[in-house]
Amino acid sequence: MAKRPSTMTSSETFSGSLNGFMDRMSDVQTAVDRPLPEQPAAPIMETKNLNVFYEDFHAVHDVNLTFGKHEITALIGPSGCGKSTVLRCLNRMNDLVSGARVEGQVAYHDIDIYGPKVDPIQVRRHIGMVFQKPNPFPKSIYDNIAYGPRVNGMKVDDMDGLVEQALNGAALWDEVKDKLKQSAYGLSGGQQQRLCIARTIATQPDVILMDEPCSALDPIATSRIEDLMTQLRETYTIIIVTHNMQQAARVSDRTAFFTAKADETTGNRTGLLVEYDLTKQIFNRPNDERTEAYISGRFG
Amino acid sequence: MNSSTLVAERDDTTPAIATGKSRDREPMSLVFLGALWFSLFFGVVVLIVLILDTAVSGAGRFDSDLITRYDSTLFPERTGFRAGILGTVWLMVTTALLAVPLGIAAALYLEEFADKTKWYNRFIEVNLQNLAAVPSVVYGLLAVAVLALIGFQRTGIVLGGAIALSLLILPVIIITTREAVRAVPNEIRFGSLALGATMWQTTWKQTLPSAIPGIATGTILGLSRAIGEAAPLLLLGIAGAVRFDPDGVTSPVTALPIQIYSLTSQSQEAYQQAASAAIIVLLVMVLALNALAIFIRNKFQRRW
């Protein structure tokens, strides 16, 4: 398993000079570097000409992405560029936004999840999601984990074992094993977020979507979640939206850079995919000047 | 006044607004503060005077006869409200059984499932607001009609009263339940749905349990309103004097407010006194209901 050299040095800076930033970036790169093909070899998910509308507003334009199995894919870009919208399309959480409409295809194992016979509930059982703000249920830690398997009708002979396994998987077991019956609201923000990850992996999904999972957390909690992500990659496929470019550089295998383009007549900003490549490529030798401007901090 | 004196004056009185100990001595401020105090005292003092006056005039009748004996024409000084108290309890329980499931279901539909762009849902919304503004006598008439439709000749029964009172408090329950459901953060719903739960599971296992403290409060507040209502019950022809205990939902019944109403129109002093004592009994019942609401709310809140 790939480990970063030090958790603190990588999370402490956000405002360093461009040179310092790039230096650190390159040694972070070597830390997570692993041999990967140029294109995802066995894509688990794929979007084809994905367009998203909210009422008349064209939020995302023609996104084509392939997500490799057991890879971490980061979606980055300035606010309002549609990266969270794309993420929410991947497990049909966008269905819950009133007025949202999706065109194009989102394939999961070559099945279009927006197909007429597909049940969004089933989609979400295979493609879990962790949200920006930790959102544990107002229940005990144990019940938070057991909830997913229960509502999914999973046949679980040993729920206690499953709960332990899920909490272990989210590196939380040692901290909470003595207070499983206590409210999840008593945990710290970072623990709550790891509980939400544990809750998601308890339902044994294929893919875990993470929508800025660390933006409400302090640097130490953030680094623990990042370590966790690299562990989870062994078992799951992770797609993460992040505002933190160092985070994308540290944890992800591939990075997709989005930006927003204003419509000439209405002024509405439509998000589009600029560049999608291996993370080291995006951060070291971006092909598009907009990508370079963004990651070097000149824009966005 | 320059800013430095303002700061200096403020230094030693930090929570000025909260305590009312403002150093602000402008005449207009003092007049306004006085008006606020007057409004507060007016409301509280009137209530206290009313309760005390009623308690004093009913003081002679705080005995066991008051709650254990039936209404008596032979011995006005020993008349009791056994039938009224039991009748009120029967009415409240039946009303709650009718109104609470209906109210919660209606509120959950409107908040969680209804498509607000559809005309029929907007129509329901508007009518719900109208329902809350309907005078309570109209509900009495409606209950008479409903009873006639389902084939009851006699309307002064537990079921009749409960139908009228349920209709009366249904809007209260729906509105408070909707507020309680709306107060449950969307993150909880999304979290549940993202785990592959259905909308039904999410509502039943997450939204509703989280909203129960608010629903309980609203329901009991609605019931405390219903417990004191006399007008719709009068229209149903619920008797002022009943000399047996109600034993089912089709049993003829009386209620405390009706008994109080009929006794206060009697000329004998003993009846007036008994009515005053009965008002205190009614107040105690309302307070007990409210205490129950607080108890339930706290019990559920501890689980978080």
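K.L.:
Can you help me understand the overall build of chain A in this one?
P.N.:
A tally of regular secondary structure across chain A gives 12 helices and 10 strands. Here chain A holds 300 residues, and 47% of them are scored as buried. When contacts within chain A are restricted to residue pairs at least 6 apart in sequence, those whose partners lie at least 24 apart make up 72%.

K.L.:
I keep staring at the overall build of chain B and nothing clicks. Help me out?
P.N.:
Tallying secondary structure elements over chain B gives 13 helices and zero strands in all. Moving toward the C terminus, one meets the helices and strands of chain B in the order α-α-α-α-α-α-α-α-α-α-α-α-α. Its C-alpha radius of gyration of 25 Å places chain B more than 25% over the 19 Å reference for a compact globule of 304 residues. Principal-axis analysis of the C-alpha atoms places the extent of chain B at approximately 80 × 60 × 35 Å. Restricting to contacts in chain B with at least 6 residues of sequence separation, those with at least 24 account for 76%.

K.L.:
What is the right way to read the environment of Ile220(B) from this model?
P.N.:
With respect to the secondary-structure elements, Ile220(B) resides in helix α10 (residues 199-227). Sequence separation between Ile220(B) and Ala291(B) is 71 residues; the distance between their C-alpha atoms is 9.5 Å.

K.L.:
It is not clear to me how the confidence of the model for chain A should be interpreted in this structure. Could you clarify?
P.N.:
For chain A, mean pLDDT is 84; residues scoring 70 or higher make up 88% of the total. This model gives residues 1-31 of chain A a pLDDT under 50, and the stretch forms 30 contacts once residues within four places in sequence are excluded.

K.L.:
Any chance you could explain the interface of chain A and chain B here in plain terms?
P.N.:
When the parts of a complex come together, some accessible area is lost, and that lost area is often used as the size of the interface. At the junction of the two partners, chain A supplies 22 residues and chain B supplies 15 residues. For the side of chain A that touches chain B, the secondary-structure elements that each account for two or more residues are α4 (120-126), β6 (127-130), α5 (141-151) and α8 (189-202) of chain A.

K.L.:
So what exactly am I meant to see when it comes to α10(B) here?
P.N.:
Since the α-helix turns once every 3.6 residues, residues separated by three or four places project in the same direction. Here α10(B) is 29 residues long, yet its end C-alpha atoms lie only 36 Å apart, well below the 42 Å a rise of 1.5 Å per residue gives. Largest kink in α10(B): about 55°, centred on Ile212(B), with the proline Pro213(B) one to four residues after it.

K.L.:
Would you mind showing me how to read the sheet that holds strand β7 (residues 207-211) of chain A here?
P.N.:
The strands making up a sheet associate through hydrogen bonds between their backbones, and the pairing can be parallel or antiparallel. Residue and element names in this part refer to chain A. With mixed pairing, the 10 strands of this open sheet are ordered in space as β5-β4-β1-β2-β10-β9-β3-β8-β7-β6. Where the open sheet ends on each side, the last strands, each with one partner, are β5 (111-112) and β6. Across eight bridges, the pairing between strand β1 (residues 43-54) and strand β2 (residues 57-68) is antiparallel. Residue pairing across strands places methionine 45 opposite phenylalanine 67, the latter belonging to β2.

K.L.:
Explanation requested: the pairing of strand β9 (residues 254-262) of chain A in the structure shown.
P.N.:
A regular strand places its side chains on the two faces of the sheet in alternate fashion. Residue and element names in this part refer to chain A. For β9, the tally of buried residues reaches seven of nine residues, placing the bulk of the element in the interior. Relative to β9, strand β3 (residues 72-76) runs parallel, the two being bridged by four bridges. Each bridged residue has a counterpart across the sheet, and for threonine 73 the counterpart in β9 is arginine 254. When β9 meets strand β10 (residues 269-278), the two strands line up antiparallel, connected through nine bridges. Along β10, the bridge assignment pairs arginine 254 with leucine 278.

K.L.:
Is there a simple way to think about the confidence of the model for chain B in this case?
P.N.:
For residues with low pLDDT, the predicted coordinates do not support detailed interpretation. All names here are of chain B. Summary statistics for chain B give a mean pLDDT of 85 and a share of 91% for residues scoring 70 or more. In the model of chain B, helix α1 (residues 3-10) stands out as the element of lowest mean pLDDT, 45, in contrast to helix α9 (residues 186-194), which has the highest, 93. For residues 1-11, every residue scores under 50 in pLDDT, and the model assigns this stretch two contacts once sequence neighbours within four places are set aside. Both scores are given for the predicted complex: the pTM is 0.78, the ipTM 0.82.

K.L.:
Is there a simple way to explain the packing of α8(A) against helix α9 (residues 219-232) of chain A in this structure?
P.N.:
Angle between the axes and distance between the axes: these two values describe a pair of packed helices. All names here are of chain A. In contact at an axis separation of 9 Å, α8 and α9 are set at 20° when each is read in the N-to-C sense. Overall, the two elements α8 and α9 adopt an arrangement that is roughly parallel. The interaxial crossing formed by α8 with α9 has right-handed handedness. Two secondary-structure elements touch here, α8 through Gly189, Gly190, Gln193, Arg194 and Ile197 and α9 through Ala221, Arg224, Ile225 and Leu228.

What counts and how
Residues numbered from 1 in each chain as written. Chains lettered and ligands numbered in written order. Predicted model: local features only at pLDDT ≥ 70, side-chain atom pairs only at ≥ 80, totals over all residues. Helix = DSSP H or I, 4+ residues; strand = E, 2+ residues; numbered from the N terminus. Buried ≥ 20, exposed ≤ 12 C-beta atoms within 10 Å, placed from the backbone. Contact = placed C-beta atoms within 7 Å. Rg over C-alpha atoms; globule rule 2.2 N^0.38 Å. pLDDT = per-residue confidence, 0-100. Expected span 1.5 Å × (residues − 1). Bend = angle between axes of the 7 residues up to and from the residue. Pairing = 2+ DSSP bridges. Axes fitted to C-alpha atoms, helices over the stretch in contact; angles between N-to-C directions. Parallel < 35°, antiparallel > 145°, perpendicular 65-115°, else oblique. Left-handed = near helix turned anticlockwise from the far one by under 90°.

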